[in-house]
Amino acid sequence: MSVSSILTKDVSFAAELIRQGLLVAFPTETVYGLGADATNSAAVAGIFEAKRRPAFDPLIVHLPNSAAAAQLVLEFPPAAGLLAERFWPGPLTLVLPKKPLISDLVTAGLPGVGIRVPCHPVALRLLNEAACPIAAPSANPFGKISPTTAQHVVDGLGGRIDAVLDGGPCSVGLESTVVSFMHDAPLLLRHGGLPLEMIEDAIGPIHVATSNPANDDAAQSSPGMLSRHYAPGIPLRLRAITENAVPCHGLRCGLLTVDEARCGDGFVRVHSVGSTSDLRTCAANFFASLRSLDSAGLDVIIAHRFPDHGLGVALNDRLERASRNDLPTIG
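Residues numbered from 1 in each chain as written. Predicted model: local features only at pLDDT ≥ 70, side-chain atom pairs only at ≥ 80, totals over all residues. Heavy atoms only, no water.

Once that is clear, we can look at the sheet that holds strand 4 (residues 60-62). The sheet built from 11 strands is open, its strands ordered 1-8-2-3-7-4-6-5-9-10-11 with mixed pairing. Each edge of the open sheet is held by one strand with a lone partner, namely strand 1 (6-8) and strand 11 (207-208). Of the pairings in the sheet, the one linking strand 4 to strand 7 (residues 134-135) comprises 2 bridges and is antiparallel in character. The residue of strand 7 that forms the bridge with His62 is Ile134. Against the sheet, helix 2 (residues 41-51) contacts strand 3 (33-37) and strand 7, and its axis sits at roughly 155 degrees relative to strand 3. (Pairing = 2+ DSSP bridges. Helix = DSSP H or I, 4+ residues; strand = E, 2+ residues; numbered from the N terminus. Contact = heavy atoms within 4.5 Å. Axes fitted to C-alpha atoms, helices over the stretch in contact; angles between N-to-C directions.)

Below is the structure:
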């Protein structure tokens, strides 16, 4: 790997690096991904090494279109096809039975592979020019706050990867929603940038998987299912959206909130991600605001929960996983 990551806007250069088996972070509409050729086991292993990611946590494979996605799986059930037709390109990952072409490292040895077509012009150009499926988790150190700008990637992985393809800020700001078709009925594995309501409107009610901390060391069915994830380096404490948030006595506290929520005086820094009437904007601002608070020299972050509907479900999922840590209980 290079001594320092290369920040570039040259898609052809980035595609050539991917073909050579190197690591390139690239933008999607959700978050920045750390990409490698999904058919090259050595390249995929480099992703796990750079992120310090455990091998039991699988990766998502990105494709330029539905036809390319279909070439990687053994079957495409009708309901999965309907979701792909309606929501691709977009923040939706489908887990389907994989063909041997995809490295077992990508899927943590499991028979299903997560695939999606991203809705970002730079990502689609990269996928077309690289001419290979690209495996890509979020481009950040494992378990930490996801990156939504190229600079976030450099801050977290600079020196560990070969290039960062700068495509500007991510528009959705939350990882993709993951739906598995590996069982008799579709199963939502991860809440994300496509709300559950929209999926159920397309294919009817589906079950939602729940995380179990006892399974954190086992092969995961999807990224983002570990009980602790997306975490800042300091304690994160949650408050109901109706609760008046106040700082913890004697500590430097920051607040992650929304325009409508109430808060007391004394916070060192306050970030509102937007209005609850526009959860898309809240989602787009979420990780950048959390990252800013994490780097502000605080002792603790207080965060208001979001309304429990639409993208608010995915935002609350991120907050809950980020707040489950081994740091001392505060507040």
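Here the narrative resumes, following the displayed structure.
Moving on to the sheet that holds strand 12 (residues 236-239). Sheet architecture is open: 4 strands sit in the order 12-15-13-14, paired in parallel fashion. Where the open sheet ends on each side, the last strands, each with one partner, are strand 12 and strand 14 (269-272). On average, each strand axis in the sheet is tilted by 20 degrees relative to the strand beside it, whichever way the strands run. Two elements, strand 12 and strand 15 (residues 300-304), share 4 bridges in a ladder whose sense is parallel. Residue pairing across strands places Leu236 opposite Ile301, the latter belonging to strand 15. Lying over the sheet, helix 9 (residues 311-323) contacts strand 12, strand 13 (253-257) and strand 15, oriented at roughly 135 degrees with respect to strand 12.

This model, assessed by the stated rule, comprises 11 salt bridges. Close ionic contact of Arg318 with Asp317 constitutes a salt bridge, the shortest N to O distance being 2.8 Å. As far as the burial class goes, Arg318 and Asp317 line up, both buried. Measuring nitrogen to oxygen at the nearest pair gives 2.9 Å for the salt bridge that ties Asp317 to Arg321. Here Asp317 and its partner Arg321 are both found in helix 9, 4 residues apart, which amounts to about one turn of the helix. Just as Asp317 is buried, Arg321 falls in that class too. (Salt bridge = Lys/Arg side-chain N within 4 Å of Asp/Glu carboxyl O. Buried < 20%, exposed > 50% of the residue type's maximum accessible area, 1.4 Å probe, protein only.)

A few words on the nonpolar core. For soluble globular proteins, nonpolar side chains are generally found buried alongside one another. Leu34, Val61, Leu92, Leu94, Val106, Ile115 and Ile161 are the most contacted members of the largest nonpolar core, which has 46 residues in total. Taken together, the elements giving at least two residues each to this core come down to strand 3, helix 2, helix 4 (78-87), strand 5 (92-97), strand 6 (112-116), helix 6 (150-157) and helix 7 (196-203). The element best represented in this core is helix 2, accounting for 5 residues. (Core = buried A, V, L, I, M, F, W, Y, C linked by side-chain atoms within 4.5 Å.)

Before going further, it helps to examine the side chain of Ser138. Residue position: Ser138 is located in the loop between strand 7 and helix 6. On the basis of relative accessible area, Ser138 is assigned to the buried category, the value being 16%. Separated by 2.5 Å, the side chains of Ser138 and Asn140 make a polar contact. Not counting residues within four places of it along the chain, the set of residues in contact with Ser138 comprises Val31, Tyr32, Gly33, Leu34, Lys51, Ser146 and Pro147. (Polar contact = N/O pair within 3.5 Å; in protein donor to acceptor, adjacent residues only side chain to side chain.)

This part is about the packing of helix 8 (residues 279-294) against helix 9. Where helix 8 contacts helix 9, the axes come no closer than 9 Å and their chain directions differ by 25 degrees. The angle between helix 8 and helix 9 falls in the class roughly parallel. As helix 8 packs across helix 9, the resulting crossing turns out to be left-handed. Contacts between helix 8 and helix 9 involve Leu279, Arg280, Cys282, Ala283, Phe286 and Phe287 on the former and, on the latter, Leu311, Gly312, Leu315, Arg318 and Leu319. Looking at the contact of helix 8 with helix 9 residue by residue, the classes come out as 8 nonpolar, 1 polar and 2 charged. (Parallel < 35°, antiparallel > 145°, perpendicular 65-115°, else oblique. Left-handed = near helix turned anticlockwise from the far one by under 90°. Nonpolar A, V, L, I, M, F, W, Y, C, P; charged D, E, K, R; others polar.)

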